[in-house]
Amino acid sequence: MQRTVLLAIALAAGLGWLATGPTSVTAAPVNYKIPDEVAAFKPGPNLEVVQGNCTACHSADYVNTQPPMKDKKAFWQAEVTKMIKAYGAPIDDADVGKIVDYLAATY
């Protein structure tokens, strides 16, 4: 019953909008300055591949804040896989191993 009433109210509101037309809404622009990047990836093998793939979404701070791990290679493999599968990172298959090797050797 409650859904029917809510649907009727939503339809009535929509029909009212159609009859009267849209209202004008304006907003002031928001200006802000992004802070300067202060973190940097450590030198290591395949650094350029990491910079080219990872910095499109996050800074080196993200890597620096990861907890200590026993199996670095497995940890970083899981992280890179998560970035691809969960967050849609457009990383080429050929770059995955290079990124994992860099992270495991450097962090």
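Here is a short report on the structure shown in this document. None of the values given here were measured: they were computed from a predicted structure.

Focus on the packing of aromatic side chains
Where two aromatic rings form a pair, the distance of their centres and the angle of their planes describe that pair. This model, assessed by the stated rule, comprises three aromatic pairs. Ring centres 6.3 Å apart and planes at 70° place the aromatic pair Phe41 and Tyr102 in the edge-to-face group. Remark: Tyr102 occurs in helix α5 (residues 93–106) and Phe41 occurs in the loop between α1 (2–20) and α2 (47–54); sequence separation between them is 61 residues. Classification of Tyr102 by relative accessible area gives buried; the value is 0%. Residues Phe75 and Trp76 carry aromatic rings whose centres are separated by 4.9 Å and whose planes lie at 85° to one another, so their mutual orientation is edge-to-face. Classification of Trp76 as buried rests on a relative accessible area of 3%. Aromatic ring contacts, followed pair by pair, group Phe41, Tyr102 and Tyr107 into a single cluster.

Cut-offs and rules
- Residues numbered from 1 in each chain as written.
- Predicted model: local features only at pLDDT ≥ 70, side-chain atom pairs only at ≥ 80, totals over all residues.
- Heavy atoms only, no water.
- Phe/Tyr/Trp six-rings, centres within 6.5 Å; stacked < 30°, edge-to-face > 60°.
- Helix = DSSP H or I, 4+ residues; strand = E, 2+ residues; numbered from the N terminus.
- Buried < 20%, exposed > 50% of the residue type's maximum accessible area, 1.4 Å probe, protein only.

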